[in-house]
Amino acid sequence: MMEAQWTPTPCPRPPSVVFLLMATSCTWLLPVTAPQRVPIDPQAAPEYAHSIRLDGDIVLGGLFPVHSRGDRGTPCGDLKKEKGIHRLEAMMFAVDLINKDPELLPNITLGARILDTCSRDTYALEQSLTFVQALIERDGSDVRCANGDPPIFTKPDKIVGVIGAAASSVSIMVANILRLFKIPQISYASTAPELSDNTRYDFFSRVVPPDSYQAQAMMDIVTAMEWSYVSTLASEGNYGESGVEAFVQISRETGGVCIAQSLKIPREPRKGEFDKIIRRLLETSNARAVIMFANEDDIREVLDAAKKNNQTGHFLWVGSDSWGSKIAPVIGQEREAEGAITILPKRASIDAFDRYFRSRSLSNNRRNVWFAEFWEENFNCKLGMHGKRPGSLKKCTGLEKVGRDSSYEQEGKVQFVMDAVYAMAHALHRMHRDLCYGYPGLCPRMASSIDGKELLSYIRAVNFNGSAGTPVVFNENGDAPGRYDIFQYQITNRSTAEYRVIGSWINKLHLNVEAMRWKKGDPSLPPSVCSIPCRAGERKKVVKGVPCCWHCERCEGYHFQASEFTCELCPYEKRPDANRTGCVPIPIIKLEWHSPWAVFPVFISMLGIIATSFVIVTFVRHNDTPIVRASGREMSYVLLTGIFLCYAITFLMIAAPDVGVCSFRRIFLGLGMCFSYAALLTKTNRIHRIFEQGKKSVTAPRFISPASQLAITFSLISVQLLGVFVWFAVDPPHTVVDYGEQRTQNPTSARGVLKCDISDLSLICSLGYSILLMVTCTVYAIKTRGVPETFNEAKPIGFTMYTTCIIWLAFIPIFFGTSQSAERMYIQTTTLTISLSLSASVSLGMLYMPKVYVILFHPEQNVPKRKRSFKVRSCAATMSGKLSQKGDRPNGEVKTELCESMETNSDFIN
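## What about the overall build of the protein chain?
The secondary structure content of the protein chain amounts to 25 helices and 29 strands. Classification of the 910 residues of the protein chain by burial places 50% in the buried group. The contacts in the protein chain between residues at least 6 apart in sequence include a share of 68% that link residues at least 24 apart. With an accessible surface of roughly 42,700 Å², the protein chain has 55% of that area assigned to carbon and sulfur atoms.

## Some remarks on helix α12 (residues 414-435)
For α12, which comprises 22 residues, the first-to-last C-alpha distance of 32 Å matches the rise-based estimate of 32 Å (1.5 Å per residue) to within 8%. Of all 22 residues in α12, 18 are buried; the element is thus mostly enclosed.

## Digging into the environment of P747
By the secondary structure assignment, P747 is in the loop between β28 (735-742) and β29 (751-756). For P747, a relative accessible area of 6% puts it in the buried group. For the pair P747 and I586, spaced 161 residues apart in sequence, the C-alpha separation works out to 8.7 Å.

## Examining helix α7 (residues 273-282)
Those residues of α7 lying buried are E273, F274, I277, I278 and L281. In an axial view of α7, the angular spread of the buried residues amounts to 140°, which keeps them on one side of the axis.

## What about the state of the cysteines?
Taken as a whole and judged by the stated rule, the model has 9 disulfides. A disulfide bridge connects C570 with C583, and the sulfur atoms are separated by 2.0 Å. With the S-S dihedral at roughly -90°, the linkage between C570 and C583 falls on the left-handed side. Placement of the pair is C570 in the loop between β24 (567-569) and β25 (574-576) and C583 in strand β26 (residues 583-585), with a sequence separation of 13 residues. In this structure C570 comes out as buried when scored by relative accessible area, which is 4%. In this model C805 remains outside any disulfide bridge; the closest cysteine sulfur is found in C777, 8.8 Å from its own. Among the residues examined, C805 registers a relative accessible area of 18% and is labelled buried.

## Let's talk about the sheet that holds strand β15 (residues 341-345)
What the 8 strands build is an open sheet, ordered β12-β11-β13-β14-β15-β18-β19-β20; its pairing is mixed. A strand with exactly one partner marks an edge of an open sheet, and here the two such strands are β12 (258-265) and β20 (509-511). With strand direction ignored, the average angle separating the axes of adjacent strands in the sheet is 25°. Judged from the 3 bridges that link them, strand β19 (residues 497-505) and β20 form a sheet pairing that is antiparallel. Note on β20: the bridge partner recorded for G503 is L511. Running over the sheet, helix α6 (residues 238-254) touches β11 (229-235), β12 and β13 (289-293) and is turned about 160° from β11.

## A short note on unusual backbone geometry
At the junction of G164 and A165, the peptide bond is cis and its omega measures out at 0° in the coordinates. A positive phi angle, close to 55°, is found at N310, a residue other than glycine. By the element assignment, N310 lies in the loop between α8 (296-308) and β14 (316-319). Look at N380: it is not a glycine, yet its phi comes out positive at around 55°. Mapping N380 onto the fold places it in the loop between α11 (371-379) and α12. Here N380 falls in the partly exposed class, since its relative accessible area comes to 42%.

## Looking at the pattern of salt bridges
Evaluation of the coordinates by the stated rule reveals 21 salt bridges. One salt bridge connects R53 with D55, and the closest N-O pair in it is separated by 3.9 Å. R53 sits in the buried class, given a relative accessible area of 10%. With relative accessibility at 46%, the residue D55 sits in the partly exposed group. Close ionic contact of R535 with E538 constitutes a salt bridge, the shortest N to O distance being 3.1 Å. Owing to a relative accessible area of 9%, E538 belongs among the buried residues under this scheme.

## Details of the pairing of strand β8 (residues 159-163)
Burial of β8 is extensive: 5 of the 5 residues sit out of reach of the surface. Bridge analysis of strand β3 (residues 58-64) against β8 gives 4 bridges, and the strand direction is parallel. Residue pairing in the sheet places V59 in a bridge with I159 of β8. Summarising the sheet, β8 and strand β9 (residues 185-187) pair through 2 bridges and their orientation is parallel. Each bridged residue has a counterpart across the sheet, and for V162 the counterpart in β9 is Q185. For the crossover that starts at β8, traverses helix α4 (residues 168-178) and ends in the parallel β9, the hand is right-handed.

## Comments concerning the sheet that holds strand β27 (residues 588-589)
With mixed pairing, 3 strands are arranged side by side in an open sheet as β27-β29-β28. Looking at which strands have only one partner, the edges of the open sheet turn out to be β27 and β28. The sheet contact formed by β28 and β29 spans 5 bridges and is antiparallel. Following the sheet pairing, T735 is matched in β29 by C756.

## Comments concerning a nonpolar patch on the surface
The grouping of F614, Y853, L856 and F857 at the surface amounts to a nonpolar patch, some 420 Å² of accessible area in total. A total of 3 residues in the nonpolar patch trace back to one element, the largest contributor, which is helix α23 (residues 849-857).

## Thoughts on the pairing of strand β18 (residues 484-491)
Of all 8 residues in β18, 8 are buried, a share of seventy percent or more. Side chains of β18 alternate between two faces, with Y484, I486, Q488 and Q490 and D485, F487, Y489 and I491 buried alike. Direction of pairing for β15 relative to β18: antiparallel, over a ladder of 5 bridges. By the bridge assignment, T342 is partnered in β18 with F487.

## Overview of a positive patch on the surface
On the surface, R270, K276, R279 and R280 cluster together into a patch of positive charge. Its place among the elements puts K276 in helix α7.

## Re the packing of aromatic side chains
This structure, assessed with the given rule, holds 23 aromatic pairs. When the ring of Y572 is compared with that of Y739, the centres are 6.4 Å apart and the planes differ by 80°; the resulting orientation is edge-to-face. Taken as a pair, Y572 in the loop between β24 and β25 and Y739 in strand β28 lie far apart in primary sequence, 167 residues in all. Plain terms: the ring middles of F619 and Y848 are 5.4 Å apart, the flat faces sit at 75° to each other, and that makes the pair edge-to-face. You can see F619 sitting in helix α15 (residues 596-621) and its partner Y848 sitting in the loop between α22 (824-847) and α23, a full 229 residues away along the chain.

## Quick notes on the packing of helix α2 (residues 81-100) against helix α10 (residues 351-358)
Contact geometry for α2 and α10: axes closest at 11 Å, N-to-C directions at 105°. In this view, α2 runs roughly perpendicular relative to α10, as classed from their interaxial angle. Each of I85, H86, E89, A90, M92, F93 and D96 in α2 lies in contact with α10, whose residues at this interface are A352, F353, Y356 and F357. When its residues are assigned to classes, the contact of α2 with α10 shows 8 nonpolar, 1 polar and 2 charged.

## Some words on the environment of A427
Topologically, A427 is positioned in helix α12. Between the alpha carbons of A427 and L455 there is a distance of 6.8 Å; along the sequence they are 28 residues apart. For A427, the residues in contact, after removing those within four places along its chain, are L455, Y458, I459 and V462.

Rules used in this analysis
Residues numbered from 1 in each chain as written. Predicted model: local features only at pLDDT ≥ 70, side-chain atom pairs only at ≥ 80, totals over all residues. Heavy atoms only, no water. Helix = DSSP H or I, 4+ residues; strand = E, 2+ residues; numbered from the N terminus. Buried < 20%, exposed > 50% of the residue type's maximum accessible area, 1.4 Å probe, protein only. Contact = heavy atoms within 4.5 Å. Areas by Shrake-Rupley, 256 points an atom, 1.4 Å probe, with all protein chains shown as cover. Expected span 1.5 Å × (residues − 1). Arc of directions from axis to C-beta. Disulfide = S-S within 2.5 Å. Pairing = 2+ DSSP bridges. Axes fitted to C-alpha atoms, helices over the stretch in contact; angles between N-to-C directions. Salt bridge = Lys/Arg side-chain N within 4 Å of Asp/Glu carboxyl O. Right-handed = clockwise from strand over helix to strand, strands pointing away. Patch = residues over 30% accessible without salt bridge, like charges linked within 9 Å, V, L, I, M, F, W, Y side chains within 5 Å. Lys, Arg positive; Asp, Glu negative; His and termini not counted. Charge placed at Lys NZ, Arg CZ, Asp CG, Glu CD. Phe/Tyr/Trp six-rings, centres within 6.5 Å; stacked < 30°, edge-to-face > 60°. Parallel < 35°, antiparallel > 145°, perpendicular 65-115°, else oblique. Nonpolar A, V, L, I, M, F, W, Y, C, P; charged D, E, K, R; others polar.

In short, shape yes, function no, at least from these values alone.
Here it is as C-alpha cells:
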C-alpha cells in the first residue's frame, strides 16, 4: 500500500501557530494501514464531525456560528437554527448553483470546508488553523506511530479563500491568522469599523457595509428626530465598542448631538448587571434615546430590565443591525420595545433558497453534519437513542417537512452569504480567464498554487449584481457600500406587533416620519434633549462641558437676541420687537392738539387773544379820550402787542415741529415778554424819573416824551432780536428726535419725541433777557410805590409785576424739576405756555380792564374836569413856569399829558 506523500510549499512558521497546530495534531495522524481518502460521512469519519467538507477543484473555507457560546468552560452551547444552519446552508446552496452554472467557472468544481465558530473568537481561531494546514511545512521526524513506524500524513485541503466570519470579534481574530498566509477573507456579517483598516486587515473584505456607515445612518436618524441628548449602550467586544466609538466620533465631528453616558455590557454579565445599567441610564433621564450596538441576547436582557424597573415607554431605543428586524429579542417584551428604531443592511428574501431549504430532509442532506441536530431542534423531537435532546420527547419520523410542520422564515444574512460566495467565484473566474485563457479546467498555474495576493486584487475588482439584484462591489478597504433599511417596531390597533419599514439610508437618510408611531399610537415625536429650546428672545447659556445643556436667559431691556448665544443692544433710535429677535424703530410722538396737555393752554390763549383784541379795539375806538391818553397811547399799544404775542406763542409751541415752526419759536418765545416788560420798564422808569426830578427841582427830566419812550422801548426790544439773530447764525434752527426723554425701562413704552433743537440753556438765554426786564421793572415799581395817591398808575404796575414774579418763580422749579420725567415734553410745554398766558393775563387784567370798564360802562368819567384840585393846579403852574422859558412844544405836551393824567386819576379817586 502506497503512502500518501505531501510536499508543502515553504512559508513562514510563526511559533504560536506551530504550537497550536501541534496541539491539534491528532487530526493529522492516521494508521499506516489506512491511507485511503477519508469519507465525508460524519458517522464514518469522526475527525470531520466538527466540520462540513465538500470536495472540489478549488476549496473555500467557511466560518459560521452554528452553536452559541458555551457555559462553564464548554466551548459550544445550543444550536443556532437561523444564524448557524440557514447561513451555512446558504453557502452550500451557492456552491451548488455555481457548480451548475456553465458560464461561471466552467469545468471547475468549487468545494467547501465549513467550520463552527461556536460564537467564540478563541475557539474560532483554533478552528481556523485547519485552513492553513496545507501551507505549513510539518516535520514528523520526531513523531512515531505506536509500532515505531513513521507517521503517514493525510494531505489537508488547500483553502484559497474563506467565507466568514459572522461576529466582528471572530473575524478580527481569524483575519490576523489568514493575512499571514495571504488567504483572502470575505465576511457576510462583520461590520466593525476596525476591519476597514487596510494596513492591519489587508486580506479582509465584506459584502456588508461597516458600522461607520451604520453609525452615520443612526446619527442621521437621531438628527432627523431632533434628539440632541442621547446615551450609548454597547456589548463588550469589537462590534459593540467599535460601533459606539464610530457614533461618538461622528457626533463630535458634526456637533449638535451630545452623549450623556456611554455604558458597556460585560461579556459575562453578573446578576443584576442589567438592572444597574437601567438605573445608570435613568441618572440622565432627559437622554431618553439610547443608541444600542449590542447582541440580541443583551438586547433582550436590557428590555427585560426596563420592564422590571417600570420604565416601559420611557426609553427610545435605536438599535443597530444586530437588532435589525429580529423577533427573538422582543418576544414577550413587545411593550418595552415599542417605538424602537432599528437598522438593517438592505436585503431581500431569496426565493430559490426558500425552495431549496424547504426541500432539505435527513435523507437528502447528509453532507450537513449538524442537520440532524437542527432537525430535532426544529421539530421538537428526538432521533432515536443517539439523539442529543434529552427528555421524553416524541420520536422523529424523518418525514417532517420544513415550513409545513414548523415555522420557517429566511434568516436575514442569507443574501449576504450567497453574495460573498459569488464574489469569491467571480474573482476566481476572472483570475482563471486571465491566467488560463482557453484552458478547460484548472491550468497548471492555478492548479499548483493560487496566489492569495493576486486573488485579493481580483476580489476587490469584482462588480456584479448579487442574489438580490443589488450591485456587489468593494472599495479600496474592502468595504461594501452603505445601503440600509430603517425599521420601527410598532404595535397596531389590533395589539399585534411588527417591524415596519419607515425609511432607508443610501448615502443619505430618507425617513417617512409620518409613518412612525410611538407609545399608544402617538404620532408626535418624543423628545430626547437635555434642555428644551429657548423661546424667541432668549439666549442659551451653555453648561460648561456639556454643549447640549443650557439655561435660557431672556434678553432684557433694550437688548435683542442677536444669535443663539448672544444678546445685543439695539441702536439708540430702536427698540426690541415683540419677540426680541430684532429691532424696530421707536415710535415718534409730538404734542397733539387733542391732547389734554394742549387743550387747556390753547383754551386760555384763545380767551386771552380775544380779550386782548377787544382791549385794542376799544382803545383804538376811544383813542382820544382822556383815559386812553392818560394811559400813554403809544406805550399801551406796544404793551398790548406784547400781551398778544404772549398768548399767540402757545400755538407755535404746540404746532408740529419743522424748520419754520422752530424758527418762529426762537423769534417769538421771548419777544412777547420783551415787548411787554420793555414797555412797562420804560413807563415805570419815566414815572420814577419824573418824581425823583420833582423832588430836586422843577426841571423836567429828559426823554419822557412819547417818541423818546418808544425809542427807549424798541432799543430794549432790539437787544432781544439781536440775540435771536446771533442764535440763528451760530445754530440754525432744525428739528430733532429726542429718544432719551421717554426712554423708559420698559422698551414697549419708549417713545421718540419730535421737537425743535432748543436746549434748556438756550431757552433760559432766550427768556433770560425778558426776565431781566421784568425784574428791573419790578424794582422800579417798588421805587414808585410812594408817588402821590392821586397818581395811581404806578400801583397797578406794581401789583402786575409782583404777581408776574410769583408766577415765574413757580415756573422755574416746575419746568426744571420735571427734566427727568417721562412726561417732560408735555409738562414743560404746558407749564411754559400757561406761565406766558398768565403773565399776559395779569398785565391785561390789572392795567387795562379797569380802563376798559370805565370807557364802556362809565363814559361820564371819561371826560376832562374843568375844576381841578389845588394840588393839580399847583403842579400845572409849576411845570408851566419852568417849562415855558424854553418854549419847547414837546415838553409842553409832556406837561399837559402828565397833568391830565394826574387830574384824571384824581377824579377816579375823588
